[in-house]
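Structural overview
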Amino acid sequence: MPASPSTARAINDRLALRLLQQDGPLTAAQLKTLTGLSRPTVADLVERLRDAGLIQVVGESGAVRRGPNAKLYGIVADRAHLAALDVRTGSVSVVVADLLGATLAEATLPIADGTGTGAAVEQSVALLERTAREAGSVPLHSVGIGAPGLIDPATGELRDSSGLPAWHRDLVRVLQERLPATVLVENETNLAAVAEHRAGAAADRETFVLIWLGQGIGAAVMLDGRLRQGASGGAGEIGFLPVPGAGGLPSAVDCAGGFFSLAGSAAICALAARHGIGLSGQAPPDASAAAAVRTALEAGERGEPFLGELADRLALGAAAVVSVLDPGCVLLAGAVGEAGGPALAARVEERLARMSPLRTEVRAGSLGDGAVLRGALLAARDAAQDALFAPGG
């Protein structure tokens, strides 16, 4: 059935707004070319979007001939603000941005070991509120949260996971109760994959697997441009993957004995120490593991035994994923993936090629440890645009 006039207008408006968000500012003539719509249709939608306060004239093109067709239109970026939170075991990072994703304010707060659940939640909420005030008086429309653990695909709630602080779940609930904003939560590794797909090392890939190498370890699965969370939200929990050399088997409540025991930050630090790579005792495990990788790369031949064994370990986990999904591309992300860069990725790719008949490119993520926050902001922006760019939004 053909779309009704109102539905067609809504589709056209949303298409134009997406183009203005991605490629803007644009003239009406450019919108006509990019959308394939007629000149009168474009003129109508521009008028509608201006009347709705969604777009405005932001300048003129360099055309010699002046007039309506030379006006440059852009999204009204301060119509609403967005926030993103990266919730780690021992810290919370916040960024507040406008509708185009431009950062307006940001902050990070360490959460000390032993901090009570209530105190940790209140500190985190206060951090968000303070950062939002610093960004200006425009209210928050959508808040994206990246957190470790399982997200229930039916309810969107962060599930109770063994080994993770209780305040994580309470923080999500308190923000949903207190904020007059849409609050979304997603697994941190999945958000990193969204960010790398939209604006990072996987921008040219519709299918890939991202392996997050931080304090914990996990994977995100992107198939045909869509994030796949699994039936219970647990797709990519490769810390529990049984692998040779882990010294045992994982259990339903503890990933010790799984791939985590080979490639988690603590395991990488222990491997570095065994190979004589000096570590700082003051840094958290993920930072220490990343520093060890950088030190080994800078050490040349002296660092090769450590890098070779680390690549062997990472290739084991990657091979298991590749044998099931055949993604064609694996990204090594997180603090360790960023530290290893193309050099570590090349070592893992070489070893993976020996174990698997499925040709797989291994790349380093390009967004580093900030990929989670970037992905959370993209989730918030998508939610805001879906609401504000809809008819009557």
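Our subject is the structure that appears above.
Summary of the structure given here. It should be emphasised that the depicted structure is a prediction, and the values quoted were computed from it without experimental measurement.

**Points about the nonpolar core**
- Counting residues in hydrophobic clusters, the biggest one holds 42 residues, and the most contacted among them are Ile211, Phe259, Phe306, Leu310, Leu314, Leu332 and Val348.
- The biggest single contributor to this core is helix α10 (residues 304-325), with ten residues.

**A word on the pattern of salt bridges**
- The full count for this structure, using the stated rule, is 19 salt bridges.
- In this structure, the salt-bridge partner of Arg88 is Asp369, at a minimum N-O distance of 3.4 Å. Of this pair, Arg88 sits in the loop between β4 (81-87) and β5 (91-97) while Asp369 sits in the loop between β13 (361-364) and α12 (371-388), and the two are 281 residues apart along the sequence.

**Considering the layout of surface pockets**
- Reported here for the largest pocket is a volume of approximately 1,200 Å³.
- In terms of lining, the largest pocket is formed by 46 residues, of which the most central are Thr89, Pro148, Leu164, Glu188 and Gly216.
- Where the lining of the largest pocket is concerned, the elements lending two or more residues are β5, α6 (188-199), β10 (217-223) and α9 (285-298).
- In the lining of the largest pocket, the residues fall into 17 nonpolar, 19 polar and ten charged.

**Examining the state of the cysteines**
- This model, assessed by the stated rule, comprises zero disulfides.
- Residue Cys269 stays outside any disulfide, its sulfur separated by 16 Å from that of Cys255, the closest cysteine.

**Focus on the sheet that holds β5**
- Reading across from one edge, β6-β5-β4-β7-β8 is the order of the five strands in this open sheet, with mixed pairing throughout. Two strands close off the open sheet at either side, each with one partner strand: β6 (103-110) and β8 (182-187). Strand after strand, the sheet turns through a mean of 15 degrees between neighbouring axes, direction not considered.
- Summarising the sheet, β5 and β6 pair through seven bridges and their orientation is antiparallel. For Ser93, the partnering residue across the bridge sits in β6 and is Thr108.
- Packing against the sheet, helix α5 (residues 167-178) makes contact with β4, β5, β7 (140-147) and β8, and its axis sits at approximately 165 degrees to β4.

**Comments concerning the packing of helix α1 (residues 5-23) against α12**
- Packing of α1 against α12 brings their axes to within 11 Å, and their N-to-C directions diverge by 145 degrees. Regarding α1 and α12, the two cross each other, and that crossing is right-handed. Seen from α1, the contacting residues are Arg14, Arg18 and Gln21; seen from α12, they are Arg381, Asp382, Gln385 and Asp386.
- The class makeup of the residues in the contact of α1 with α12 is no nonpolar, two polar and five charged.

**A closer look at the environment of Val46**
- Here Val46 is to be found in helix α3 (residues 39-51).
- By relative accessible area, Val46 is classed as buried at 7%.
- Placed 139 residues apart in sequence, Val46 and Val185 show a C-alpha to C-alpha distance of 34 Å.
- Beyond its immediate sequence surroundings of up to four residues, Val46 is in contact with Leu31, Ile55 and Tyr73.

**Looking at the side chain of Asn187**
- With respect to the helices, strands and loops of the structure, Asn187 is situated in strand β8.
- Once residues lying within four places of it in the same chain are set aside, the contact partners of Asn187 are Ala147, Pro148, Gly149, Ile151 and Glu237.

**A short note on the sheet that holds strand β9 (residues 208-213)**
- Taken together, five strands build an open sheet; the order of strands is β11-β10-β9-β12-β13 and the sheet is mixed. Of all the strands in the sheet, just β11 (226-228) and β13 have a single pairing partner and so form its edges. Taking each pair of neighbouring strands and ignoring which way they run, the sheet shows an average axis angle of 25 degrees.
- Two elements, β9 and strand β12 (residues 329-333), share four bridges in a ladder whose sense is parallel. Bridge pairing in β12 places Trp212 opposite Ala333.
- Most of the contacts of α10 go to β9, to which it runs at about 155 degrees, and overall it touches β9, β10 and β12.

Rules used in this analysis
Residues numbered from 1 in each chain as written. Predicted model: local features only at pLDDT ≥ 70, side-chain atom pairs only at ≥ 80, totals over all residues. Heavy atoms only, no water. Core = buried A, V, L, I, M, F, W, Y, C linked by side-chain atoms within 4.5 Å. Buried < 20%, exposed > 50% of the residue type's maximum accessible area, 1.4 Å probe, protein only. Helix = DSSP H or I, 4+ residues; strand = E, 2+ residues; numbered from the N terminus. Salt bridge = Lys/Arg side-chain N within 4 Å of Asp/Glu carboxyl O. 1 Å grid on protein atoms, 1.4 Å probe; cavity = no way out; pocket = protein on both sides within 12 Å on 5 of 7 lines; lining within 4 Å. Points joined across faces, edges and corners; volume = space filled by probe spheres on them. Nonpolar A, V, L, I, M, F, W, Y, C, P; charged D, E, K, R; others polar. Disulfide = S-S within 2.5 Å. Pairing = 2+ DSSP bridges. Axes fitted to C-alpha atoms, helices over the stretch in contact; angles between N-to-C directions. Contact = heavy atoms within 4.5 Å. Left-handed = near helix turned anticlockwise from the far one by under 90°.

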